[in-house]
Amino acid sequence: MINIVVAGPRGNMGKEAVKMVTETEDFQLTAVVDHKNGGWTMKDVEGMPSLDVPIFENLETCFHDVDVDVLVDLTRPDIGKKHMELALDNGVRPVIGTTGFTDEDVKRLREKAESKRLGAMIVPNFAIGAVLMMKFSQMAAKYMQDVEIIEQHHDRKLDAPSGTAIKTAQLIQEVRDPKVQGHPEETEELSGSRGANIDGMHIHSVRLPGRVAHQEVILGGEGQTLSIRHDSMNRTSFMPGVKLACETVMNLETLVYGLEHIIE
Ligand SMILES: NC(=O)C1=CN([C@@H]2O[C@H](COP(=O)(O)OP(=O)(O)OC[C@H]3O[C@@H](n4cnc5c(N)ncnc54)[C@H](OP(=O)(O)O)[C@@H]3O)[C@@H](O)[C@H]2O)C=CC1
Ligand SMILES: O=C(O)C1=N[C@H](C(=O)O)C[C@H](O)C1
């Protein structure tokens, strides 16, 4: 049995994660952590079954009071980083879906996980289709090196560009040398028109009500373009990946960044 705590249980992702954990035979939801403690129970959360699970206002108290093997964090960038440090300091294996981690964060947290011989995962996108979209884009970028990434999300998202877009660009960086794209003398008449720039690749972030999570990678070549697109229509798309990460993290002694490293 794996004892799991979910941080952010009222959120879009947290709600689904709580359901997934309670419906999985070998998982036990030992507690949830929510900064708005008091005045609500899990059954007040829309679509949530009535659950008798302790709600802690902060992670420190939670780790002190209950047995925890794995922390699933689905909160917000500043909190996710803090929670990940706390988990490692308390011998708990973190599975972090929260986005907004920099390369420096990943490096520092990997060193910490290894020094404590604890498994940890930071997963910018848990959807298998999104992982395939990133891997296919990496394969294609070896042959078509002009790349534009367009990510689209709901307008409640805090971070831009998305963790998925950053991870996609990082995977492409492994096979593509830095390259200036577009006209060498191009200018932006309106600042930001060409989006973010990673080694010459451009990332464009769209935020709109009605959207969930979508990304298209467009690769250009002589007389042709290739578009590789993934759409998450709802948050259940992420849950098989969260489940796999919770199982896998129990057998790791380092930090793994990205689901692509643990799927067959
Ligand atoms: N890796 C992946 O596959 C995916 C990752 N994400 C990422 O997951 C994160 C959450 O996304 P989403 O569920 O849409 O966001 P939501 O805003 O719907 O949920 C976040 C929840 O965290 C709560 N929260 C804020 N601070 C704390 C805290 N200190 N302790 C506990 N809970 C807290 C918020 O409460 P309140 O609103 O009251 O402040 C809210 O209920 C984001 O970083 C997003 O980018 C999202 C989808 C897929
Ligand atoms: O905030 C979201 O919703 C999502 N965030 C992740 C990201 O930043 O890539 C994963 C997915 O795109 C949904």
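Just so you know, these numbers come straight off a predicted model, no measurement behind them.

Trainee: Can you walk me through the sheet that holds strand β6 (residues 120-122) in this structure?
Mentor: Hydrogen bonds between backbone groups are what pair the strands of a sheet, and the pairing can be parallel or antiparallel. Reading across the sheet, the seven strands line up as β3-β2-β1-β4-β5-β6-β12 and stay open at both edges, with parallel pairing between neighbours. Unpaired on one side and paired on the other, β3 (55-56) and β12 (255-257) mark the two borders of the sheet. Pairing analysis gives two bridges linking strand β5 (residues 93-96) to β6, with the strands arranged parallel. Pairing of V95 across the sheet is with M121, part of β6. Sheet strands in contact with helix α7 (residues 239-249) are β1 (2-7), β2 (27-33), β4 (70-73), β5 and β6, and its direction is about 160° off that of β5.

Trainee: Can you help me understand the packing of helix α1 (residues 12-23) against α7 in this one?
Mentor: Helix-helix packing is described using two parameters, namely the angle between the two axes and the distance between the axes. The geometry of α1 relative to α7 is characterised by a closest axis approach of 10 Å and an angle of 60° between their N-to-C directions. Taken as axis vectors, α1 and α7 run oblique relative to one another. In the crossing of α1 with α7, the sense of the turn from one axis to the other is right-handed. Contact with α1, carried on its side by M13, E16, A17 and M20, involves M239, V242 and K243 of α7 and no other residues of that element. When grouped by side-chain class, the residues that make up the contact of α1 with α7 number five nonpolar, no polar and two charged.

Trainee: I'm lost on the sheet that holds strand β9 (residues 201-207) in this one. Help?
Mentor: Read across the sheet, five strands follow the order β8-β9-β7-β10-β11 without closing on themselves; strand pairing throughout is mixed. Each edge of the open sheet is held by one strand with a lone partner, namely β8 (196-198) and β11 (224-232). Here the average twist between neighbouring strands, direction ignored, is 20°. Bridging between β8 and β9 involves three bridges; their strand directions are antiparallel. Its bridge partner lying in β9, A196 is registered against I203. Packed onto the sheet, helix α5 (residues 128-141) meets β7 (146-153), β10 (213-221) and β11 and runs at close to 165° relative to β11.

Reading the values: rules and limits
Residues numbered from 1 in each chain as written. Chains lettered and ligands numbered in written order. Predicted model: local features only at pLDDT ≥ 70, side-chain atom pairs only at ≥ 80, totals over all residues. Heavy atoms only, no water. Pairing = 2+ DSSP bridges. Helix = DSSP H or I, 4+ residues; strand = E, 2+ residues; numbered from the N terminus. Contact = heavy atoms within 4.5 Å. Axes fitted to C-alpha atoms, helices over the stretch in contact; angles between N-to-C directions. Parallel < 35°, antiparallel > 145°, perpendicular 65-115°, else oblique. Left-handed = near helix turned anticlockwise from the far one by under 90°. Nonpolar A, V, L, I, M, F, W, Y, C, P; charged D, E, K, R; others polar.

Keep in mind these numbers describe shape, not what the thing actually does.
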